[in-house]
Amino acid sequence: MYLSKLFIPITKDLPTEAKIKSHQLMLRTGMIKQSSAGIYSWLPLGFKVMKKIEQIVREEQNFIGAQEMLMPTIQSSEIWKESGRYDDYGEEMLRIKDRQGREMLYGPTNEELITDIFRSSVKSYKSLPQLLYHIQWKFRDEIRPRFGVMRCKEFYMKDAYSFDLSDDEAKKSYNKMFFSYLKTFQRLGLKAIPMAADTGPIGGDLSHEFVILAETGESQIYADKNIFEIDLNNYKFNDQSLKKMRDDFSQIYAVTDDKYKEEEFNDKVKKDNQMKTKGIEVGHIFYFSDKYSKPMNCLIDDKDGKKTSVKMGSYGIGVSRLVGATIEANYNNDVMKWPKSISPFDAVIIPSISKNNKENLEKAEKIYKELQKQNIDVLLDDVDENMSNKFKKHDLIGVPYQIIIGSKSDGINLEFKELNDKSELLSLDKIKSKLKN
Ligand code: 5CA
């Protein structure tokens, strides 16, 4: 993609309404545009990053055997009345009527809808376990939407649902998701801590929030630094090993505000290891057994032919929130560097150009074509602007690798630079293989 052709409405001014870095940066680099309070359009650059995050989430869900589907955004109120949440959910739920006067709502989550789908088709324990997920827009009429895509009214979420015969079996599904979440965040270049948490309006008695550390986060967290020492590579993808993984995590103190007790924290965690900090919740998983299946009569035949309520859990990842959260985790000293796995481009070519000198641009175009042939997604900065402004701009856009074509490049070697690092002179072949890796 040529930068001059990319729809990327960069603004020089710091947006006054944006209080945190990720929000400022997303507006400045034209990743998003607010359409009304807490509701955003995703412009090409932001959309590209979000789609990359979505794909990693999808791959890690598929890996544990979850099946993708798609439920609608608009739901009927009937099923929510059955579960009893129609009244409980309060003003956060956007309620609407269709032309026949039927009460509908814009889904804030999908426990009821998935239970309704499940009860009408699955009747026997033989079809269990099942793990289903979708990636779909949600709406919550948040009283105070803020921090851009972090807390908005309309947001993009991956929500998965597990169905099992017994509590014991259901815990195995829970552990698989737990593992999948940690792997997902690792691939996104994020250090996420699983924390024992309250269940809020979703319900149940077992729940973990996945939180990444950030000063601007809304969750207060208390944890033992040793939690970062657990290495996922030590566990295999089988029930026994995953149980061990979760046991290992549970041994280490990590809780959010609502579960925090000062005395317990001081007892269990050595002073030097105590982390009291803020974090951003990027995922939340729940086990709530028959909280929905019982009132909604979602019954299955067990091995003895006896009817029993199916045991369920639900598992959410804030896909759109993750775009902002990743920026918060990676922005430093006016430079934003995307993790390679989700960067909007693999590399950017920055030629020094002027009205009288088109030679560098021609050279850049050749390299651009070469890299494209190798399936490297590359941005070419063909804008006629001085190099110092270009560099400032690319520090914000955050593409991790730069190929600079200016005074330092000679006939054979090109200036190659990783953001926040020194540049080096490399042949195009070397650059290609670096980018391919
Ligand atoms: N039904 C459960 C699990 S599927 C559920 O809805 N859980 S949740 O309420 O915790 O949301 C899941 C994730 O969505 C959160 O961890 C967070 O990352 C994201 N999220 C929740 N509310 C918002 C919001 N207002 N704006 C942006 N992201 C949000």
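As the structure is a prediction and not an experimental result, all values here were calculated from the model. (Residues numbered from 1 in each chain as written. Predicted model: local features only at pLDDT ≥ 70, side-chain atom pairs only at ≥ 80, totals over all residues. Heavy atoms only, no water.)

(A) Focus on the overall build of the chain. Each helix and strand counted, the chain has 12 helices and 23 strands in total. The globule rule puts the C-alpha radius of gyration for 437 residues at 22 Å, and the 24 Å found for the chain is close to it. Taking the principal axes of its C-alpha atoms as reference, the chain extends roughly 80 × 60 × 40 Å. Every one of the 437 residues in the chain was classed for burial, and the buried ones make up 54%. Within the chain, contacts between residues separated by at least 24 positions form 71% of all contacts whose residues are at least 6 apart in sequence. Surface accessibility of the chain: about 20800 Å² in total, with carbon and sulfur atoms responsible for 46%. Of the side-chain charges in the chain, 69 are positive and 67 negative, and the distance between the mean point of each set is 3 Å. (Helix = DSSP H or I, 4+ residues; strand = E, 2+ residues; numbered from the N terminus. Rg over C-alpha atoms; globule rule 2.2 N^0.38 Å. Buried < 20%, exposed > 50% of the residue type's maximum accessible area, 1.4 Å probe, protein only. Contact = heavy atoms within 4.5 Å. Areas by Shrake-Rupley, 256 points an atom, 1.4 Å probe, with all protein chains shown as cover. Lys, Arg positive; Asp, Glu negative; His and termini not counted. Charge placed at Lys NZ, Arg CZ, Asp CG, Glu CD.)

(B) Up close: the nonpolar core. Core analysis: the biggest nonpolar cluster contains 85 residues, and Ile 53, Phe 185, Met 245 and Val 323 have the highest contact counts within it. Counting residues per element, this core draws most heavily on helix 6 (residues 167-187), at 8 residues. Counting the residues that make up this core, at least three belong to each of domain 1 (8-330) and domain 2 (347-436). The contacts of Val 323, once residues within four sequence positions are left out, are Met 26, Met 31, Trp 42, Val 49, Met 50, Ile 53 and Trp 338. Membership of the second largest hydrophobic core comes to 25 residues, among which are Tyr 89, Leu 105, Met 296 and Ile 300. (Core = buried A, V, L, I, M, F, W, Y, C linked by side-chain atoms within 4.5 Å. Domains from an automatic or database assignment.)

(C) Summary view of unusual backbone geometry. The residue after Leu 128, namely Pro 129, is reached through a cis peptide bond having omega -5°. Tracing the backbone shows Pro 129 in the loop between helix 5 (111-121) and strand 7 (130-139). One non-glycine residue, Ser 289, adopts positive backbone phi at about 55°. As for its placement among the helices and strands, Ser 289 is situated in strand 13 (residues 274-289). Accessibility expressed as a relative area gives 16% for Ser 289, which makes it buried.

(D) Just empty space enclosed by the protein, in detail. Enumeration according to the criterion identifies 1 cavity of 30 Å³ or more in this entry. The space that makes up the largest cavity amounts to roughly 40 Å³. Forming the boundary of the largest cavity are Tyr 40, Trp 42, Trp 137, Val 149, Cys 152 and Glu 154. For the lining of the largest cavity, a count of residues per class yields 5 nonpolar, no polar and 1 charged. (1 Å grid on protein atoms, 1.4 Å probe; cavity = no way out; pocket = protein on both sides within 12 Å on 5 of 7 lines; lining within 4 Å. Points joined across faces, edges and corners; volume = space filled by probe spheres on them. Nonpolar A, V, L, I, M, F, W, Y, C, P; charged D, E, K, R; others polar.)

(E) Spatial organisation of the environment of Gly 411. Its place among the elements puts Gly 411 in the loop between strand 21 (401-405) and strand 22 (413-418). Sequence-wise, Gly 411 and Ser 427 are 16 residues apart; in three dimensions their C-alpha atoms are separated by 9.6 Å.

(F) Here's a closer look at the site of the ligand. Looking at the ligand, there are 22 residues lining it, with Thr 109, Glu 111, Arg 140, Cys 152 and Glu 281 nearest. Contact between the ligand and Thr 109: a nitrogen atom at 2.7 Å from a side-chain N or O atom of the residue. Taking Met 150, its main chain carries an N or O atom lying 3.4 Å from a nitrogen atom of the ligand. For the ligand, whose accessible area on its own is 600 Å², the fraction buried by protein is 96%. With respect to the detected pockets, the ligand is housed in the largest pocket. (Near = heavy atom within 4 Å. Polar contact = N/O pair within 3.5 Å; in protein donor to acceptor, adjacent residues only side chain to side chain. Sits in = over half its atoms within 2 Å of the grid points.)

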